[in-house]
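Listed below are the residues making up each chain.
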Amino acid sequence: MVGSAIHRKLVKEGFDNFLLRTSSELDLRDQSAVRNFFEAERPEYIFLAAAKVGGIMANNIYRAEFLHDNLLIQNNVIDSAYRTNAKKLMFLGSSCIYPKLAPQPLHEDSLLTGLLEPTNEPYAIAKIAGIKMCEAYRAQYGCNFISVMPTNLYGPNDNYDLNNSHVLPAMIRKFHEAKEENKPFVELWGTGSPLREFLHADDLADACYFLMQNYDEAGFLNVGVGADVSIKTLAEMIQRVTGYTGEIHWNTDKPDGTPRKLMDVSKLHALGWKHRVELEDGIAVTYQDFLEKIETYAV
């Protein structure tokens, strides 16, 4: 989702010299393969968006894979970028790096000030390691490696698999299938009370393009919209967009996750960048993307 959004943005801006590989063509967990690729191709500017990602369920079930695979991916790419003298690298992390009970909105200075949310701790630790690796390579080797921490993302080419997707695309699929099957209710996890911030992938791509040109500091930057909604409100938006007319049942035996995750984006705004896509408009576009891919996710 993120990689394709960044690619669309760069094409729109007139760039055409890309080094594109699918995960089947280049396994970023394979150190030798990554080093050989970098030695042969010598990319100048790198957007490191690749990662193993998922929602609460996937993070809880595949804890070892989320830690192991993400560490391998980022270590291999960051080190190879240094070894082949890349001009600049941008590492994309996640808002889950912050302590579970950090003061809201989440400011960059809150990193490593408390315990992480247990359900996604392995993923968060991997992303924190990526931030620190970029900082360490900058300090020791003088590399122009920067890090950005996006809030919750959604948009075209999202993952709608119910077993390992994030909350917004999972809801899109659930409400759509309930509508198609004329189900009387949709069951959702938790209480609906947690607050979340959502950024459209095209907005993130725009921010990444802006920062690749205008930001060269050691400290990482939050990227978000600066406003949040409850999961209940999100569900109601998606219900409207999909046209589902049944009820919503909240399964309070399931976990809510972090009570609130709102990013402090004052540093980003001070640099001159703000989001453009409003949430319900973005959901409508994302739902159309889902409808175009619906056969892929047929039960």
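Parameters and conventions
- Residues take numbers from 1 onward in each chain, read along the sequence in its written order.
- Only residues with pLDDT of at least 70 get local features here, since the model is predicted, and only at 80 or more are side-chain atom pairs given and counted; chain-wide, interface and lining totals rely on the full set of residues.
- Computation of side-chain values: all heavy atoms of the structure, hydrogens and water removed.
- Strands are runs of DSSP state E lasting at least 2 residues, helices are runs of H or I lasting at least 4, and numbering of each runs from the N terminus.
- Using a 1.4 Å probe on the protein chains alone, a residue whose accessible area is under 20% of its type maximum counts as buried, one over 50% counts as exposed, and one in between counts as partly exposed.
- The contact criterion used throughout is that any non-hydrogen atoms of two residues lie within 4.5 Å.
- UniProt positions are given in the numbering used here, feature names are shortened, and annotations may be inferred rather than shown by experiment.
- In summary, the pairing rule links any two rings of Phe, Tyr or Trp, Trp by its six-membered ring, whose centres are within 6.5 Å, and it sorts them by plane angle into stacked for under 30 degrees, edge-to-face for over 60 and tilted for everything else.
- Here, over-ring charges are defined by two tests on the NZ atom of lysine or the CZ atom of arginine: distance to the ring centre within 6 Å, and angle to the ring normal within 35 degrees.
- A helix is expected to reach a length of 1.5 Å times the quantity of its residues less one.
- What makes a nonpolar core is a set of buried Ala, Val, Leu, Ile, Met, Phe, Trp, Tyr and Cys residues whose side-chain atoms join them at distances within 4.5 Å.
- Salt bridges, as used here, are contacts in which a Lys or Arg side-chain nitrogen is within 4 Å of a carboxyl oxygen on Asp or Glu.

**Observations concerning the overall build of the chain**
Turning to step 1, where the next piece is worked out: Scanning the chain from N- to C-terminus turns up 10 helices and 11 strands.
Turning to step 2, where the next piece is worked out: Its C-alpha atoms give the chain principal-axis dimensions of roughly 60 × 40 × 40 Å.
Turning to step 3, where the next piece is worked out: In the chain, which comprises 299 residues, the share counted as buried stands at 49%.
Turning to step 4, where the next piece is worked out: Partitioning the contacts of the chain with sequence separation of at least 6, the portion at a separation of at least 24 is 81%.

**Some words on the UniProt feature "site: Important for catalytic activity" (unreviewed entry) in the chain**
Turning to step 1, where the next piece is worked out: In this numbering, the UniProt entry assigns the feature "site: Important for catalytic activity" (unreviewed entry) to S94 and C96.
Turning to step 2, where the next piece is worked out: Along the chain, S94 falls in the loop between β2 (88–92) and α5 (121–141).
Turning to step 3, where the next piece is worked out: For S94, a relative accessible area of 13% gives the class buried.
Turning to step 4, where the next piece is worked out: Among all residues touching S94, those that are not within four sequence positions of it are Y123, K127, M149 and P150.
Turning to step 5, where the next piece is worked out: Given the relative accessible area of 5%, C96 is considered buried.

**Quick word on the packing of aromatic side chains**
Turning to step 1, where the next piece is worked out: The final tally for this structure, using the stated rule, is 11 aromatic pairs.
Turning to step 2, where the next piece is worked out: Where Y137 meets F145, the ring centres are 6.4 Å apart and the plane angle is 25 degrees; that geometry is what we call stacked. Taken individually, Y137 and F145 each receive the classification buried, so the pair is uniform in this respect.
Turning to step 3, where the next piece is worked out: Taking 5.0 Å as the distance between ring centres and 65 degrees as the angle between the ring planes, the aromatic pair formed by Y160 and F290 counts as edge-to-face. Of this pair, Y160 sits in the loop between β4 (152–154) and α6 (167–180) while F290 sits in helix α10 (residues 279–292); the two residues are 130 residues apart in sequence, bridging distant segments of the chain. In terms of burial, Y160 and F290 fall into one category: buried.
Turning to step 4, where the next piece is worked out: Each member of the aromatic cluster is reached from another via a ring pair, and the members are Y82, Y137, Y141 and F145.
Turning to step 5, where the next piece is worked out: Directly above the ring of Y62 sits K52, whose terminal nitrogen or CZ lies 5.7 Å from the centroid.

**Considerations on α6**
Turning to step 1, where the next piece is worked out: End to end, α6 covers 20 Å across 14 residues, agreeing with the expected 20 Å (1.5 Å per residue, within 8%).
Turning to step 2, where the next piece is worked out: Along α6, the residues classified as buried are L168, P169, A170, M171, I172, R173, F175, H176, E177 and A178.
Turning to step 3, where the next piece is worked out: Each element contacted by the buried residues of α6 is listed here: β4, β5 (185–189), β7 (198–200), α8 (231–242), β10 (247–251) and α10.
Turning to step 4, where the next piece is worked out: Positioned one or two residues after α6, N182 has a phi angle of 55 degrees, which is positive.

**Concerning the nonpolar core**
Turning to step 1, where the next piece is worked out: Within the largest apolar cluster, 36 residues are counted, with the highest numbers of intra-cluster contacts made by V77, I78, L89, I97 and F145.
Turning to step 2, where the next piece is worked out: At the level of elements, α2 (31–41), β1 (45–48), α4 (63–83), β2, α5 and β3 (145–150) are the ones that each hand at least two residues to this core.
Turning to step 3, where the next piece is worked out: Counting residues per element, this core draws most heavily on α5, which supplies seven residues.
Turning to step 4, where the next piece is worked out: Setting aside anything within four residues of it in sequence, one finds F145 in contact with I78, A81, Y82, L89, C134, Y137 and R138.

**What about the pattern of salt bridges?**
Turning to step 1, where the next piece is worked out: Taken as a whole, this structure holds 20 salt bridges when the rule is applied.
Turning to step 2, where the next piece is worked out: For E181, the salt bridge is made with K183, and the minimal N-O distance between the two is 3.3 Å.
Turning to step 3, where the next piece is worked out: The exposure class of K183 is partly exposed, given its relative accessible area of 39%.
Turning to step 4, where the next piece is worked out: Two residues, K293 and D289, come together in a salt bridge whose shortest N-O distance is 2.3 Å.
Turning to step 5, where the next piece is worked out: Judged by relative accessible area, which is 22%, K293 ranks as partly exposed.

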